[in-house]
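One letter stands for each residue in the lines below.
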Amino acid sequence: MHDNEFRNTATGRARLKGKLPMRSARLIILACGVVCLAVASLRSAPAEEPLPVGSHPAAIGVPHFPDRLHAFVWRNWQLVDPERLAEVVGTSPQNMTAIATSMGLPPAGTIPPLMRQRGYITLIRRNWHLLPYDQLLTLLGMSREELAYSLREDDFLFHKLGQLKPKCEPLRYGEPDSEARKRAAEIQQLVEQRFGGQLAQPAEPRFQFVEDLSRTDGGKVSRTTPESRTKPKLRLIYSYFGIYGDPLSDPASDPYPDGLLAKLADVGVNGVWLHVVLRRLAPGGEHFFEFGDGHQQRLQNLRQLAQRCRRHGIGVYLYINEPRAMPLEFFKERPGMMGVREGEFAAMCTSDPRVRQWLGDSLAFVFREVPELGGVFTITASENLTNCASHFHQQDCPRCGKRTEAEIIAEVNATIAEGVHRDNPQARVIAWDWGWNKHGEAPDTIARLPGTVELMSVSEWAKPIERGGVRSQVGEYSISAVGPGPRAVREWASAQQRGLKTVAKVQLNNTWELSAVPYLPVLDLVAEHCENLAAADVDGMMLSWTLGGYPSPNLEVAHRFATQSDASRTNVLDAIAVARYGDSAAPHVRAAWTAFSNAFREFPYSGSVLYNGPQQMGPANLLYGEPTGYRSTMVGIPYDDVDGWRGPYSPAVLAEQFEKVAAGWAEGLEHFDKAVEASTGENRELARADSRIAQAAYLHFASVANQTRFVIARDELHQPDLSPQRRRALQMHIGRLLDEESSLARRLFAITQQDSRIGFEASNHYFYVPLDLVEKVINCEFLSRELAQQP
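Since we're looking at a predicted model, the values are computed, not measured.

Chemist: Lay out the overall build of the protein in plain terms, naming residues and giving numbers.
Modeler: When helices and strands are tallied, the protein shows 28 helices and 15 strands. For 791 residues, the compact-globule estimate of 2.2 N^0.38 gives 28 Å, and the protein sits close to it at 26 Å. A principal-axis box enclosing the C-alpha atoms of the protein has dimensions of 75 × 65 × 55 Å. Contacts in the protein between residues far apart in sequence, at least 24 positions, make up 77% of those at least 6 positions apart.

Okay, structure coming up:
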């Protein structure tokens, strides 16, 4: 695929016309993107895998900086050491420092050591329009093969970047000319005027939260509760800062240090999960000699992790998305095992008993070698091609063609369950219905599941909503629409009628509605959802996907509903408020949570807003005086693409809904300010930290409204035949929006300087860092000056 926008594809158009569910349509697009990249990989020489470029359009300029070299220094300052920057552009570290100083930047200081390990996606994204691949590789310290793998396998990173690489000429150092020096001096003066000495003041290092969450309290073991004496209801979560791809290959990148495990256990988490690829975790047996490279080391790391987790009352669960598709050459000596083909890959057909034998035997091996494991959850119709029915094309397989999707999917889950339970009958096997029957209800599949399997369904799916006069249904990743929805209720009922246990997939901390804060303090919504699930009598909850793993008061809500027989929204929230902030502050906090929750009910939910809107970047997203022509990307780069952001809402309604969210959120902040004042000691310290999260969320919501209004007004201003009066009114309106955005950026800068959690999300790393907010102020001031020069 070379088009970088989902809606311009045939599948995207079908989705917009209502012919496909949003995630089903994305499933096809993402799978095609992965296959295209894989094809490029296989056609290359092994020594030098080509890097994808897509349509390769011209990069977006940086007119608010003197030139691209100054932008390069700014965007990488304090993230990459000056020596590395100098190497990239062919000069000395002293010249890099001189350019930084000329713009008012502080000394480079000590670069966070985790930036290259846990922040490389941040570096890729911020240099995407500045550097060609060769120089990007030097900056990152990666080989071509390593970057190609990351773009292909790191949670669809190339898709998140738009499935294109902007064309950038090589960037070389040159002595700044007089015009560049003049503009740099203007930036320096602006930084001093707007920020004073803030840039030079000590700030919390990026990734400080990793150290904070990893810290143990004198070897403290997590508290136990009465629930621990019986088999508990599952509350499963992903690490707040875990590395997704191959977490067991390197023990140094431990996703679950003891400090984090203790904190998660204290808010009721009793299960954590890891993504694994089975052929890397177990030998291949008699049929697949290629499999199993490095499995001993991974199993050793898994065993150590499971044993540590067990001491905290937490089980480790493996995400099983198997069997993974293999390159076509894999089947040259195994033609009878080749199933559905997609590009240069094909499914390992599970109608072949040898494939099922490997699948079951491998899981039995893993659970025999690591008996401390808690279980697995499966996705059998995901973006990845696995079984022949996983992408709904089983008719193209000579063995599966006469079988139904329900038969194939159920058989795969039964094979997984048999393997897991062969040596560990107590382990849980949770079959997630994601993708079954093209995201419709799947009673036929449920009817064929073995009795030892539990069924998981996204709680809020198909929940009817109306926002801004627009009626629609929720897909997934929603806190603003409280589940369960009708689809999940019927799926669970089908399972319960068969005696199967049920699990609700939820997001309690955050979603793509806003993921740049560790949790959203909308505890009334969380409590309402937990109360509803208690009434539905589900047997557990998966609390997050890869986003939402922070040990927060939101998770404490779920814990109390699971362990207290008399739990209600009122008594649970009252108890948490008192325990966290003290008796005097609790009433103010409760009022704040209610205001935040009521405001969030106005969020303009749709798949387009979630995945393509600018809310993850918030005030850090730049404004453009001219249309960029770029399409917004999936939780990557939003650009100025309002049509890509808005989904079923008009641009004006999108702005109005975010204004409603921001206005209601501001009321909540007033209550929270009173709570901070009423708290004392350690409670006050915690209240201040939680206040920063709430303030940051407000600034994001308010900024999305401003950005939408700006693009609407900018585009109208470019229309011919405007009356002088209308032109002047638009110019004044744009000027006010620029001033407001500059103010929001300055406020968020102060918060991010104090709190390294703000702007981070595990699969995207940092959406922004503090200096990006300073750049936004420079950007707004530049556009204001350009606006003033217009007739």
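There is more to say, and it comes next.
Chemist: Which residues make up a negative patch on the surface, and what values do they have?
Modeler: Together, Glu667, Glu670, Asp673 and Glu677 make up a negatively charged patch on the protein surface. Mapped onto the elements, Glu670 comes out in helix H25 (residues 651–678).

Chemist: Can you tell me about the state of the cysteines, naming the residues and giving the values?
Modeler: Applying the stated rule across the entire model yields zero disulfides. Cys349 provides the cysteine sulfur closest to Cys397, a residue in no disulfide bond, and the two sulfurs are 3.7 Å apart. Given a relative accessible area of 2%, Cys397 falls into the buried group.

Chemist: How would you sum up the nonpolar core? Please name residues and give values.
Modeler: Side chains of nonpolar character tend, in soluble globular proteins, to be buried together. Counting residues in each nonpolar core, the largest one holds 262 residues, and the members touching the most others are Phe72, Leu302, Val366, Phe377, Trp545, Trp665 and Phe701. What Phe72 contacts, discounting residues up to four positions off in sequence, is Leu85, Val88, Val89, Met96, Asn127, Leu130, Leu131, Leu139 and Leu171.

Chemist: Please set out the environment of Ala652 residue by residue, giving values where relevant.
Modeler: Among the structural elements, Ala652 can be located in helix H25. Of the residues examined, Ala652 reaches a relative accessible area of 31% and is grouped as partly exposed. With 57 residues separating them in the primary sequence, Ala652 and Arg709 have C-alpha atoms 7.5 Å apart. Apart from residues no more than four positions distant in its own chain, Ala652 is found in contact with Arg709 and Ile712.

Chemist: So what about the sheet that holds strand E8 (residues 428–432)? Which residues, and what values?
Modeler: In space, the eight strands of this closed barrel follow the order E1-E2-E3-E7-E8-E9-E12-E13, with parallel pairing throughout. The average undirected angle you get between the axes of adjacent strands in this sheet is 25°. Bridge count for strand E1 (residues 234–237) against strand E13 (residues 540–542) is three bridges, and the pairing is parallel. For Leu236, the partnering residue across the bridge sits in E13 and is Met542. The strands touched by helix H16 (residues 405–423) within the sheet are strand E3 (315–320), strand E7 (375–379), E8 and strand E9 (453–458), with E8 carrying the most contacts at an inclination of about 165°. Contacts from helix H18 (residues 486–497) reach E9 and strand E12 (502–505) within the one sheet, and its direction differs from that of E9 by about 170°.

Chemist: Give me the lowdown on the pairing of strand E2 (residues 271–275), citing residues and values where you can.
Modeler: Counted residue by residue, E2 has five buried out of five residues, so it is predominantly covered. Of the strand pairs in this sheet, E1 and E2 are connected by two bridges, and their pairing is parallel. Residue pairing in the sheet places Leu236 in a bridge with Gly271 of E2. Between E1 and its parallel partner E2, the chain crosses via helix H13 (residues 258–266), and the hand of that crossover is right-handed. Taken together, E2, helix H14 (residues 295–311) and E3 form a β-α-β motif whose crossover is right-handed.

Conventions and cut-offs
- Residues numbered from 1 in each chain as written.
- Predicted model: local features only at pLDDT ≥ 70, side-chain atom pairs only at ≥ 80, totals over all residues.
- Heavy atoms only, no water.
- Helix = DSSP H or I, 4+ residues; strand = E, 2+ residues; numbered from the N terminus.
- Rg over C-alpha atoms; globule rule 2.2 N^0.38 Å.
- Contact = heavy atoms within 4.5 Å.
- Patch = residues over 30% accessible without salt bridge, like charges linked within 9 Å, V, L, I, M, F, W, Y side chains within 5 Å.
- Areas by Shrake-Rupley, 256 points an atom, 1.4 Å probe, with all protein chains shown as cover.
- Salt bridge = Lys/Arg side-chain N within 4 Å of Asp/Glu carboxyl O.
- Lys, Arg positive; Asp, Glu negative; His and termini not counted.
- Charge placed at Lys NZ, Arg CZ, Asp CG, Glu CD.
- Disulfide = S-S within 2.5 Å.
- Buried < 20%, exposed > 50% of the residue type's maximum accessible area, 1.4 Å probe, protein only.
- Core = buried A, V, L, I, M, F, W, Y, C linked by side-chain atoms within 4.5 Å.
- Pairing = 2+ DSSP bridges.
- Axes fitted to C-alpha atoms, helices over the stretch in contact; angles between N-to-C directions.
- Right-handed = clockwise from strand over helix to strand, strands pointing away.

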